[in-house]
Amino acid sequence: MADSTKPKLKTHTVHKVVKRNPLTDDPVDPKYQDLPIDSKKPVEEYSEVLRREVACDNPYASFAAKPSNISFESQDPDERILLLVRQHPIVNLRWIIVTLVLALMPLGLVFVPVLDFFPARFQTMSVIGWYLLILGYVIENFLSWFFRVNIVTDERIIDIDFLSLLYKKISAAKIDNIEDVSSNVAGFFGSLINYGDVEIQTAAEQREFNFELVPQPEKVARLINELMLEEEREKIEGRVR
Amino acid sequence: MNSDGSINDFLMQLFNLQSDVNLFWAVMKILFLVAFFLYVLFSIVVVRQVFMMTQTFKTRAEGGLKIFAIVHLIFAVGVFMAAFLIL
């Protein structure tokens, strides 16, 4: 009886705001309703390639998965570098052999004294000049190899070309814009040591990206494919950045 | 030294020079200095590029590369100075 005399409390139905995909305006998957709209899954969750790779912190590695202590100029604060590749170290073999041959050439002066008509001081400076030229050749080749890198982040691919001391080109494309990825391994050494090219067609300003002579090209292509699929999933599930 | 003389003679005949036997070696010194100066310019470009590239692409190796580029430049300047003094 007493209960019936109590004033009835008004009840309000709380309508939860349904989060919507900003691109398609479809409701976001219930699983991701409580996550911020720009949340990202850990990469190991969707990438088989990176799940199997251990983090690499060697700055001279030519295939560095989940590299630490590496960043690039236009990197977003929440953009994570997943893979860094540069040409396989075997491509350096040619200039290393050339360097060794050139470095040994002054020893030939003992047997073939072509500089004998020079006074001693000119002979000394000629040999020093020769080794300076070799040093310059080594430096240019090493820097061209070291700074010519391809970076795959969870948002973009970046191609840093440093073809010579006077030529530098940096291009990037969003994973969204990638249309096709293919890899190829060619030649005796390529097949033996497993290095080759990864060709990436994009809808971005630069239509084609080419990761040249990189180690494990099919693994790189597979990772980019996994990232493309994840981008698609992000769009469908509404986890759009 | 005989060969020095014959080259000087050849040069003098070639350019119809009357005297100054040391002219050939003076020209050689200038050529050497120009070559070493060009190398100094090259090492300046190396330093500039290493600093620019390490800004574009930062790695743990950047400190070592910068030091190497600067030491290389100092070495190139040292060789140029040595050539200037020795030759």
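Before reading further, recall that the structure is shown in the block above.
How should I be thinking about the sheet that holds strand E9 (residues 208–215) of chain A in this particular structure?
What holds strands together in a sheet is hydrogen bonding between their backbones, with the strands either parallel or antiparallel. Residues and elements named next belong to chain A. If you trace the three strands from one edge of the open sheet to the other, you get E7-E8-E9, paired in antiparallel fashion. At either end of the open sheet lies a strand with only one pairing partner, and these are strand E7 (178–184) and E9. Sheet twist, expressed as the average angle between the axes of neighbouring strands with direction ignored, equals 15°. When E7 meets strand E8 (residues 195–202), the two strands line up antiparallel, connected through six bridges. Of the residues in E8, the one forming a bridge with Val181 is Ile200. Contacting E7, E8 and E9, helix H7 (residues 217–237) crosses the sheet at an angle of about 160° to E7.

So what exactly am I meant to see when it comes to the packing of aromatic side chains here?
Centre distance and the angle of the planes are the two values used to describe a pair of aromatic rings. As enumerated under the stated definition, the model contains 18 aromatic pairs over all chains in all. Seen in terms of ring centroids, A:Phe122 and B:Phe32 are 5.4 Å apart; in terms of plane orientation they differ by 80°. Their pairing is edge-to-face. Here the residue A:Phe122 occupies a position in helix H5 (residues 120–147), and B:Phe32 occupies one in helix H2 (residues 23–56), the pair thus bridging two chains. When sorted by exposure, A:Phe122 lands in the same class as B:Phe32, which is buried. Note on B:Phe32 and B:Phe36: the rings are 6.3 Å apart at their centroids and 55° apart in plane angle, and the pair reads as tilted. Here B:Phe36 and B:Phe32 lie together in helix H2, a separation of four residues that amounts to about one turn. Assigned by exposure class, B:Phe32 and B:Phe36 land together as buried. A connected cluster of aromatic rings, assembled from ring pairs, spans A:Phe117, A:Phe118, A:Phe122, B:Phe24, B:Trp25, B:Phe32 and B:Phe36.

Which parts of the structure should I look at to understand the interface of chain A and chain B?
One frequent convention defines the size of an interface as the accessible area lost when the parts assemble. Contact residues are listed per partner, giving 37 residues for chain A and 33 residues for chain B. Considering only the side of chain A, the residues that lose the most area to chain B are A:Phe122, A:Met125 and A:Leu132, jointly responsible for 20% of the buried surface there. Counting across the chain A and chain B interface gives zero salt bridges. On the surface where chain A and chain B come into contact, there are five residue pairs in polar contact (both at pLDDT 80 or more). For the side of chain A that touches chain B, the elements supplying multiple residues, two or more each, are strand E2 (71–72), strand E3 (81–86), H5, strand E4 (149–153), strand E5 (156–164) and strand E6 (167–174) of chain A. For the side of chain A that touches chain B, the element with the highest residue contribution is H5(A), accounting for 15 residues. Its residues assigned to classes, the side of chain A that touches chain B comprises 26 nonpolar, six polar and five charged. Two elements, E2(A) and strand E1 (residues 57–58) of chain B, share two bridges in a ladder whose sense is antiparallel. Looking at the pairing, A:Ser71 lines up with B:Lys58 of E1(B).

Explain the pattern of salt bridges here, please?
Once the charged atoms of two side chains with opposite charge are near each other, the side chains can pair. All names here are of chain A. Counted by the stated rule, this structure contains ten salt bridges over all chains. In this structure, Arg80 engages Glu44 in a salt bridge whose closest nitrogen and oxygen atoms are separated by 3.7 Å. With Arg80 in the loop between E2 and E3 and Glu44 in helix H2 (residues 43–46), this pair connects stretches of sequence that are 36 residues apart. Assessed through its relative accessible area of 26%, Glu44 is described here as partly exposed. The residue Glu53 makes a salt bridge to Lys219 at a minimum N-O spacing of 2.6 Å. Taken together, the positions of Glu53 in the loop between helix H3 (48–52) and strand E1 (63–65) and Lys219 in helix H7 put the pair 166 residues apart, joining distant regions of the chain. A network of salt bridges, in which partner residues are shared, links Glu44, Lys66 and Arg80.

So what exactly am I meant to see when it comes to the sheet that holds E6(A) here?
Residues and elements named next belong to chain A. Read from one edge of the open sheet, five strands run E1-E3-E4-E5-E6, paired in antiparallel fashion. Each edge of the sheet is formed by a strand with only one pairing partner; in this case those strands are E1 and E6. Across the sheet, the axes of successive neighbouring strands diverge by a mean angle of 10°, strand direction being ignored. Bridging between E1 and E3 involves three bridges; their strand directions are antiparallel. Within E3, the residue paired with Ala65 across the bridge is Leu83. Helix-sheet contacts for H5 involve E3, E4 and E5, and the interaxial angle to E5 is about 170°.

Basis of the calculations
- Residues numbered from 1 in each chain as written.
- Chains lettered and ligands numbered in written order.
- Predicted model: local features only at pLDDT ≥ 70, side-chain atom pairs only at ≥ 80, totals over all residues.
- Heavy atoms only, no water.
- Pairing = 2+ DSSP bridges.
- Helix = DSSP H or I, 4+ residues; strand = E, 2+ residues; numbered from the N terminus.
- Axes fitted to C-alpha atoms, helices over the stretch in contact; angles between N-to-C directions.
- Contact = heavy atoms within 4.5 Å.
- Phe/Tyr/Trp six-rings, centres within 6.5 Å; stacked < 30°, edge-to-face > 60°.
- Buried < 20%, exposed > 50% of the residue type's maximum accessible area, 1.4 Å probe, protein only.
- Buried area = accessible area lost by both parts, 1.4 Å probe.
- Salt bridge = Lys/Arg side-chain N within 4 Å of Asp/Glu carboxyl O.
- Polar contact = N/O pair within 3.5 Å; in protein donor to acceptor, adjacent residues only side chain to side chain.
- Nonpolar A, V, L, I, M, F, W, Y, C, P; charged D, E, K, R; others polar.

Honestly, it's all geometry; don't read function into it.
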